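# Residue-level structural notes
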Amino acid sequence: MKICLVTTFPPSTGGLSEYGFHIARELQRNPFLDLTVLADELSDAHAEPEGFKVVRCWSFDDPKTVFRLLRTIRGIKPDVVWFNLLFSTFGRNPVVAFSGLMAPLLARLGGRYTHVTLHHLMDTVQLKDVGVRHETLYRAAGAVATRMLLLSNSVSVLMPGYRKILNDKYGRDNVHLRAHGLLARRPEFPDFSRRGNPLHRILAFGKWGTYKRLELMIEAFNLLASKMPEARLVIAGGDHPQAPGYTESMKKLHGGNPKIEFCGYVPESELADLFQSSSVAVMPYSSSTGCSGVAHLACAFGVPIISADLVDFRQMAQSEELAIAFYPPGSAQGLADCLLEFLTDVEKQGTMATQNFSAALRMTMPNVVQKYLRHFELQQRVQTLRH
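Moving on: the overall build of the protein. Regarding its fold elements, the protein presents 14 helices and 13 strands. The C-alpha atoms of the protein give a radius of gyration of 21 Å, which matches the 21 Å a tight globule of 387 residues would have. The C-alpha extent of the protein, read off along each of the three principal axes, is 70 × 45 × 45 Å. Within the protein, the proportion of its 387 residues that are buried is 54%.

Printed below as a string of structure tokens:
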């Protein structure tokens, strides 16, 4: 089977690049597949990840993206074109982003089997948290874009509530619920000897600056530190593409605090050490845009999670049986109290860590990708029988 995977791809740091890499890595390991990654272009010289056939044929915020993608797909003639998408994958400019989202439908009209893994829905995004001014217009355009994506041969979403919205509101029956999967090949059992011995490291990991902000996290940590001097806050990750310079500005404000560490971008080879040495991972978000990659990274290393009490994260915890403690959104005191209760309860730390490790065993990326491939193979057979 010949597959084209359309995704942002390392060393690009665009949204979903890490997820695209892990999908591609599992596909590449299958000797019966011929994989080509159709990735975003980079402005500077770079080395491609070893072992992958990468064609960088589209650019972020490029109005010609859809035409360049379709031309490349026509040349390769794949059996399946798999799109790994956010609504903002192809651009910050709304017109460019919208035109890029036409690619799955146009590829299908060109005779290719198209599948979309859609990581969030415009129907559930809190637009005010990502700086959108004309909310009504964006909602209308988002509904049209959603209908376009649903005209692909099949669509996968990662939250049960998303599938219900697409079935009930848009009346489509080609939507599948899939597990998010781990951004690691195999889970690692939690190393309790590195946690709280003698310091409790509180990890905040992500792309910061929009609905993921650090002000509340740091305020809550300062409240906690007065009662728990052995606590340390570790802030990892860089800026969200829409908030350049945000992390550096926070570092200038708080970098002088010896109990707060700014790690910046963390390469994949160092993720295990970062998570295994952390007592808890915190998601101090004001809203959510679907399944959390950070939560699944935490599960891969058996790290307990504390999160703002948001509908998407409640759904995620329930459907995947994750151990997540919730605090009232926007409340620094609520987060500080939640952290204090957790860090003073050794039994709870062990129970939550073990539960998240157990959940990780059920959703390894090889298992997740294999289910996609079974679906693609079944559709190929059905199409052959129809002919």
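Right, let's talk about the packing of aromatic side chains for a bit. Throughout the structure, instances matching the rule amount to 14 aromatic pairs. Considering the side-chain rings of F9 and F52, the 5.4 Å spacing of their centres and the 75 degrees angle between planes classify their relative orientation as edge-to-face. Here F9 is found in the loop between β1 (2-6) and α1 (17-28), whereas its partner F52 is found in the loop between β2 (34-40) and β3 (54-58), with 43 residues between them in sequence. Of the residues examined, F9 reaches a relative accessible area of 0% and is grouped as buried. The interplanar angle of 65 degrees and the centroid separation of 6.3 Å between the aromatic rings of Y113 and F376 together place this pair among those described as edge-to-face. You can see Y113 sitting in strand β5 (residues 113-118) and its partner F376 sitting in helix α14 (residues 365-386), a full 263 residues away along the chain. A relative accessible area of 10% means that Y113 is categorised as buried.

Parameters and conventions
Residue numbers restart at each chain and count upward from 1, following the sequence in its written direction. Local features are withheld for residues below a pLDDT of 70 in this predicted model, meaning they are given only at 70 or higher, and side-chain atom pairs are given and counted only at 80 or more; totals for whole chains, interfaces and linings count all residues. As a convention, hydrogens and water are excluded, and side-chain values are obtained from all of the structure's heavy atoms. Here a strand is any run of E in DSSP of at least two residues, a helix any run of H or I of at least four, and the numbering for each starts at the N terminus. The quantity called the radius of gyration is restricted to C-alpha atoms. Its globule counterpart is 2.2 Å times the number of residues to the power 0.38. Buried, partly exposed and exposed residues are distinguished by accessible area as a fraction of the type maximum, computed with a 1.4 Å probe on protein chains only: under 20%, between the cut-offs, and over 50%, respectively. Pairing of aromatic side chains here covers Phe, Tyr and the six-membered ring of Trp, requires ring centres within 6.5 Å, and sorts the geometry by plane angle: under 30 degrees stacked, over 60 edge-to-face, intermediate tilted.

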